[in-house]
Amino acid sequence: MQAIQPTVTPLRPVKNSPRVAPRRSSSRQRSYPHQTLGAETGVKLAVNIVLSVCAASAFIQLWPHYRAVQEKLHEIQAEVNLTQGRVDRSRSEFNRYFDPSLAKTVMQEQSNQADPQQRPVILQEPEVLEAEESTPQP
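Residues numbered from 1 in each chain as written. Predicted model: local features only at pLDDT ≥ 70, side-chain atom pairs only at ≥ 80, totals over all residues. Heavy atoms only, no water.

In terms of helices and strands, the chain carries three helices and zero strands. A burial count over the chain gives 1% of its 138 residues as buried. When the accessible surface of the chain is totalled, it reaches about 14700 Å², and 59% of it is carbon and sulfur. (Helix = DSSP H or I, 4+ residues; strand = E, 2+ residues; numbered from the N terminus. Buried < 20%, exposed > 50% of the residue type's maximum accessible area, 1.4 Å probe, protein only. Areas by Shrake-Rupley, 256 points an atom, 1.4 Å probe, with all protein chains shown as cover.)

Structure, rendered in structure tokens:
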């Protein structure tokens, strides 16, 4: 029988050719992180300043438009309030005209006719006797 034989790995590490890492000077390593941090902070600051200027410019340009829209809104709200008053008045008149209990009074107001079952009241000034007018009072 032919069985698969396990492969044996060598116990000694394979030697590669030695690589030499380039050395950096110690003064360069110390100043480089500070320069990077300073440059990054400067870029962030510059970008934020540019964004702030753009936002301020947009705000200044949009302010007159905003004021005009606010004035129009106030005018429209005033008109709505006036119209709402008229609608309320018309609604109350409508309810009064179509109220069955007030039908007779509304018809009398509209036609200027009196109800036949009502008696007319006529107010007259009191009559003054002429004799009293001619007598002088002492």
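Turning our eyes to something else, we now look at a nonpolar patch on the surface. Together, F59, I60, W63 and Y66 make up an exposed nonpolar region whose accessible area comes to about 470 Å². Inspection of the secondary structure assignment puts I60 in helix 1 (residues 26-97). (Patch = residues over 30% accessible without salt bridge, like charges linked within 9 Å, V, L, I, M, F, W, Y side chains within 5 Å. Salt bridge = Lys/Arg side-chain N within 4 Å of Asp/Glu carboxyl O.)

Counted under the stated rule, the structure contains three aromatic pairs. When the ring of F59 is compared with that of W63, the centres are 5.6 Å apart and the planes differ by 40°; the resulting orientation is tilted. Within this pair, F59 and its partner W63 are both found in helix 1, separated by four residues, close to a single helical turn. The exposure class assigned to F59 is exposed, which follows from its relative accessible area of 53%. Judged by relative accessible area, which is 42%, W63 ranks as partly exposed. By the ring-pair criterion, three or more aromatic residues cluster together here, those being F59, W63 and Y66. (Phe/Tyr/Trp six-rings, centres within 6.5 Å; stacked < 30°, edge-to-face > 60°.)

With that settled, consider the confidence of the model for the chain. Across the chain, pLDDT averages 82, with 74% of residues at or above 70. The least confident element of the chain, judged by mean pLDDT, is helix 3 (residues 130-134) at 62; the most confident is helix 1 at 91. (pLDDT = per-residue confidence, 0-100.)

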